[in-house]
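So the chains spell out like this:
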Amino acid sequence: MFSHGQIWWNELTTRNAGRAMEFYGNAFDWTFDAMPTETGDTYWLCKSGDDVVAGILTMQEPYFDDIPDHWFTYFAVDDIDIRIEEALAAGGTLRRPAFEVPGIGRIAIVADPNGAVSGWMTPASQRK
């Protein structure tokens, strides 16, 4: 279960997953499990002990042209479609329309009126 608006997931988007895993493995004692994606890429699950704590995504062009490596936050929302409409009405912008990630949830990339970008997600396990 989740609370509407809580931080749901953190993800490192990087052009060099191997170097990132070496750094965070040493810094935090994280281990990493490979998870294949529909596109044939590998998504890395970051683990602290037995707990999955984050993910690592290798940036692919053209979505990430001129964007530096960064940590990206996803917020859980109760109904992504309604919340997108509310965000737009409040002065936000939609950076990427809602899309489905099978077994994960329905996600959109939203910018607030100041330009701060985050992911909003209605988790698949929580949808009505």
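Below or above, wherever it landed, is the structure these notes cover. (Residues numbered from 1 in each chain as written. Predicted model: local features only at pLDDT ≥ 70, side-chain atom pairs only at ≥ 80, totals over all residues. Heavy atoms only, no water.)

**So, the overall build of the protein**
Inference 1: Each helix and strand in the protein was counted, giving two helices and eight strands.
Inference 2: What you see in the protein, going N to C, is helices and strands ordered as β-α-β-β-β-β-α-β-β-β.
Inference 3: Expected size for 128 residues packed as a compact globule is a radius of gyration near 14 Å; at 15 Å, the protein falls within 12% of this value.
Inference 4: Dimensions of the protein along its principal axes, counting C-alpha atoms only, are 45 × 35 × 25 Å.
Inference 5: Across the protein, contacts joining residues at least 24 apart in sequence account for 49% of those joining residues at least 6 apart.
Inference 6: With the model as given, the accessible surface of the protein reaches about 7,900 Å², and the carbon-plus-sulfur share is 53%.
Inference 7: Each charge class in the protein was averaged separately, 9 positive and 19 negative side chains, and the resulting centres sit 4 Å apart. (Helix = DSSP H or I, 4+ residues; strand = E, 2+ residues; numbered from the N terminus. Rg over C-alpha atoms; globule rule 2.2 N^0.38 Å. Contact = heavy atoms within 4.5 Å. Areas by Shrake-Rupley, 256 points an atom, 1.4 Å probe, with all protein chains shown as cover. Lys, Arg positive; Asp, Glu negative; His and termini not counted. Charge placed at Lys NZ, Arg CZ, Asp CG, Glu CD.)

**Let's talk about helix H2 (residues 80–89)**
Inference 1: Those residues of H2 that sit buried are Ile 80, Ile 84 and Ala 87. Seen along its axis, H2 keeps its buried residues to an arc of 65 degrees; they face one direction. What points out from H2, more than 90 degrees from its buried face, is the exposed set Glu 85 and Ala 89.
Inference 2: Residues of H2 that are buried make contact with strand E6 (93–101), strand E7 (105–111) and strand E8 (117–123).
Inference 3: Capping of H2 at its N-terminal end is provided by Asp 79; its side-chain oxygen lies 3.2 Å from the backbone amide nitrogen of Asp 81. (Buried < 20%, exposed > 50% of the residue type's maximum accessible area, 1.4 Å probe, protein only. Arc of directions from axis to C-beta. Polar contact = N/O pair within 3.5 Å; in protein donor to acceptor, adjacent residues only side chain to side chain.)

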